[in-house]
Amino acid sequence: METSVEELDANRVKVHVAVSAAEFEKSIDAAFRTLASQVRIPGFRPGKAPRRILEARFGPEVAREQALKEGVPHYYSDAVEAERLDPIAVPEINITAGEEEGDVEFDAVVEVRPVVKLTGYDELTIELEYEGATDEAVANQLESLRNRFADLTDTEEPLIDGSYAQIDIGATIDGAPVDALTATDFLTEVGSAVITPMLDQELRGKRPGDVLEFTEELPERFGELGGKEATFRVLVKDVKKKTLPDLDDDWVREASEFDTVEELQEDARKRLDLFARVQAQMALRDRVLEELAGLVPVEAPEPLVNQEVEHRLHDLAHRLEPQGVSIAQYLDATGQDQQDYINGLREGAVRAVLADLGLRAVVIAEEIEATDEELQSEIDRLAERVGEKPNKVRRDLERRGMLEEVRSDIARGKALQFLVDHANVVDKDGNAIDLALPDASGDDDNGDETVEEDESSEQEEGTA
């Protein structure tokens, strides 16, 4: 097989493929074998009729037509690999010779991924809204810890937001009791709206022994009862206030592994600072990709944009599937217009495609490569995630022609890290920001675990 490539406009190329008649005979033989398995010829078992018998009955043109239909796509794929092309769309194939006999030739016009050249990518200036561990944040952290160790004590003072009421509560709708709103010795925090907003409003200023009666429309979260009017009767039995422990060394020793308030404050400061740095680094990577996309001197190819939109829609559908919710239902529940949502997806897809083209340009310009060790590490990670042996995952990737794509993904990841490392990171006033993480040793180990837990929690919330 001989191949050649001619560059056209709009990121298109014309691939010319010539297959000798002798080579194409292999495809014709395969077509006859397929035909033999599909027809019954008297005197022969299924699939055993010889080619000469089949040619005599059906004519040679039948197998040749089938050979062209099945063989040309394979020849095209071989040509793409031989010429090291990166097609991003379905080719337009035109057979120019060999439809009836002899050598087979065809042209395939296809759009390929553009290769761009960038300038200024290694000196990006990224402005971030970054604030380390402030005194206020440290104080809030310790206050949160004190709240976890707070005691509830009885008081005769009137109820206010933040205090607790122990109540007997009952509700009826059209005179019928509502079991879900009936309880004895129920403890509720005033201002929490854990039952209904009006209950908190009625409780404010009340003391033990007071009786409340009011009517309120139930919120939608009450399901089939939502929107119905319920009549409440509430007896305030006890009032309790939250008593926080004193912030002193004795309490610190009881509540933590530290001996003094100063040590606890310093630990909180380290944890908050580490978390702020990790969050800022994540934001930095996103901002670097945004800036990189702006440096790409071409428009995002439409086939790549469409692929990215489809990928994002598929990802959303996959995340909604366990909840039994369709994309249309999700958009309706969140009050989003379908076309506006698609337009937003396309805008994000365009930026993602341009950023990817930029990363590929950096890989070429900086001669970044993924080593065999890095490739194997990624295969090991994929194997662990899917519960398979690494060798099997590697064979599957090779069979599907995906191994080099994995290697390319690794290289683009290294290119992104190169950009992050070379970026000039500043705050809103233009002052340089140091986002380097402390060494994860000694006391910092606990801080790393906290950050990882917080990140995981935020990612889960974002997914939900």
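As the structure is a computational prediction, the values presented were derived from the model and not from experiment. (Residues numbered from 1 in each chain as written. Predicted model: local features only at pLDDT ≥ 70, side-chain atom pairs only at ≥ 80, totals over all residues. Heavy atoms only, no water.)

(A) Structural context of the overall build of the protein chain. Counting its secondary structure elements, the protein chain contains 14 helices and twelve strands. The C-alpha atoms of the protein chain give a radius of gyration of 34 Å, which is well past the 23 Å a tight globule of 464 residues would have. Considering only C-alpha atoms, the protein chain reaches an extent of 105 × 65 × 40 Å along its principal axes. Out of the 464 residues belonging to the protein chain, those deemed buried represent 33%. For the protein chain, restricting intrachain contacts to residue pairs at least 6 apart in sequence, the fraction spanning at least 24 positions comes to 67%. Total accessible area on the protein chain stands at roughly 28,400 Å², and carbon and sulfur atoms take up 45% of it. Side chains of the protein chain carry 51 positive and 109 negative charges; the gap between the two charge centres is 8 Å. (Helix = DSSP H or I, 4+ residues; strand = E, 2+ residues; numbered from the N terminus. Rg over C-alpha atoms; globule rule 2.2 N^0.38 Å. Buried < 20%, exposed > 50% of the residue type's maximum accessible area, 1.4 Å probe, protein only. Contact = heavy atoms within 4.5 Å. Areas by Shrake-Rupley, 256 points an atom, 1.4 Å probe, with all protein chains shown as cover. Lys, Arg positive; Asp, Glu negative; His and termini not counted. Charge placed at Lys NZ, Arg CZ, Asp CG, Glu CD.)

(B) Structural detail: the sheet that holds strand β3 (residues 92–97). Read from one edge of the open sheet, four strands run β1-β2-β4-β3, paired in antiparallel fashion. The open sheet has two free edges, formed respectively by β1 (2–7) and β3, since each of these has just one partner strand. Between one strand axis and the next, the sheet turns by 20° as a mean value, whatever way the strands run. Pairing of β1 with strand β2 (residues 12–19) involves six bridges; the strand directions are antiparallel. Across the sheet, residue Val 5 finds its bridge partner in β2, namely Val 15. Contacts from helix α3 (residues 60–82) reach β1, β2, β3 and β4 (104–111) within the one sheet, and its direction differs from that of β4 by about 50°. (Pairing = 2+ DSSP bridges. Axes fitted to C-alpha atoms, helices over the stretch in contact; angles between N-to-C directions.)

(C) Representation of the environment of Phe 186 within the structure. Turning to its location among the elements, Phe 186 is positioned in strand β9 (residues 183–189). Spatially, the C-alpha atoms of Phe 186 and Leu 419 are 57 Å apart, while their sequence positions differ by 233 residues.

(D) Up close: the packing of helix α8 (residues 302–320) against helix α10 (residues 338–365). Packing of α8 against α10 brings their axes to within 8 Å, and their N-to-C directions diverge by 120°. Taken together, α8 and α10 sit at an angle that is classed as oblique. Considering only the axes of α8 and α10, their crossing is right-handed. Contacts between α8 and α10 involve Glu 302, Leu 304, Val 305, Asn 306, Glu 308, Val 309, Arg 312, Leu 313 and Leu 316 from the former and Tyr 341, Ile 342, Leu 345, Arg 346, Gly 348, Ala 349, Val 350, Ala 352 and Val 353 from the latter. Among the residues forming the contact of α8 with α10, the class breakdown is twelve nonpolar, two polar and four charged. (Parallel < 35°, antiparallel > 145°, perpendicular 65-115°, else oblique. Left-handed = near helix turned anticlockwise from the far one by under 90°. Nonpolar A, V, L, I, M, F, W, Y, C, P; charged D, E, K, R; others polar.)

(E) Region of the structure containing a negative patch on the surface. Among the surface-exposed residues, Asp 122, Glu 123, Glu 366, Glu 367 and Glu 369 lie close enough to one another that they form a single negatively charged patch. Residue class for Glu 366 comes out partly exposed when judged on its relative accessible area of 31%. (Patch = residues over 30% accessible without salt bridge, like charges linked within 9 Å, V, L, I, M, F, W, Y side chains within 5 Å. Salt bridge = Lys/Arg side-chain N within 4 Å of Asp/Glu carboxyl O.)

(F) Quick peek at the environment of Val 15. Relative to the helices and strands, Val 15 resides in strand β2. Residues Val 15 and Tyr 76, 61 residues apart in the sequence, show an inter-C-alpha distance of 8.2 Å. Contact partners of Val 15, with chain neighbours within four places excluded, come to Ser 4, Ala 79, Leu 85, Phe 106, Asp 107 and Ala 108.

(G) Seen up close, the packing of aromatic side chains. Applying the stated criterion to the full structure yields four aromatic pairs. Where Phe 149 meets Trp 251, the ring centres are 6.0 Å apart and the plane angle is 85°; that geometry is what we call edge-to-face. Here Trp 251 lies in helix α6 (residues 249–255) and Phe 149 lies in the loop between α4 (135–148) and β6 (151–154), a separation of 102 residues in the sequence. Seen from their ring centres, Phe 214 and Phe 232 are 5.0 Å apart, and the 15° between their planes marks the pair as stacked. Of this pair, Phe 214 sits in strand β10 (residues 211–217) while Phe 232 sits in strand β11 (residues 229–243), and the two are 18 residues apart along the sequence. (Phe/Tyr/Trp six-rings, centres within 6.5 Å; stacked < 30°, edge-to-face > 60°.)

(H) Main features of the pairing of β4. For β4, the buried fraction is high: seven of the eight residues fall into the buried class. Across eight bridges, β2 lies against β4 in antiparallel orientation. From the neighbouring strand, Val 13 faces β4, where its bridge partner is Val 110. The sheet contact formed by β3 and β4 spans five bridges and is antiparallel.

(I) Looking closely at the packing of helix α11 (residues 372–386) against helix α12 (residues 390–399). Across the interface, α11 lies against α12 with an axial gap of 8 Å and an inter-helix angle of 105°. Overall, the two elements α11 and α12 adopt an arrangement that is roughly perpendicular. Between α11 and α12, the residues in contact are Leu 375, Gln 376, Ile 379, Asp 380, Leu 382, Ala 383 and Val 386 and Pro 390, Val 393, Arg 394 and Leu 397, respectively. The residue makeup of the contact of α11 with α12, split by class, is eight nonpolar, one polar and two charged.

(J) A look at the nonpolar core. Core analysis: the largest hydrophobic core is formed by 37 residues, its most contacted members being Leu 118, Leu 128, Leu 284, Val 288, Val 362 and Leu 419. Looking at this core, the elements with two or more residues in it are α7 (261–295), α8, α10 and α13 (403–422). Take this core: its biggest share by element is nine residues, from α10. Each residue touching Val 362, except ones within four places of it in the same chain, is listed here: Leu 118, Tyr 121, Leu 292, Glu 367, Ile 368, Ala 415, Phe 418 and Leu 419. Counting residues in each nonpolar core, the second largest holds 22 residues, with Phe 24, Ala 31, Tyr 75 and Val 104 among its members. (Core = buried A, V, L, I, M, F, W, Y, C linked by side-chain atoms within 4.5 Å.)

(K) Inspection of the pattern of salt bridges at higher detail. Applying the stated criterion across every chain yields a total of 31 salt bridges. The partner of Glu 23 in a salt bridge is Lys 26, and the shortest N-O contact between them spans 3.3 Å. In this pair, Glu 23 and Lys 26 both sit in helix α1 (residues 21–38), three residues apart, roughly one turn of the helix. As a salt-bridge pair, Arg 271 and Asp 267 come within 2.8 Å of each other at their nearest N and O atoms. Of this pair, Arg 271 and Asp 267 both sit in helix α7, four residues apart, which is roughly one turn of the helix. Overall, Arg 271 belongs to the buried group, its relative accessible area being 18%. Exposure remark for Asp 267: the relative accessible area of 14% places this residue in the buried category. Connected via shared salt-bridge partners are Asp 86, Arg 113, Asp 356, Arg 360, Glu 405, Asp 409 and Arg 412.

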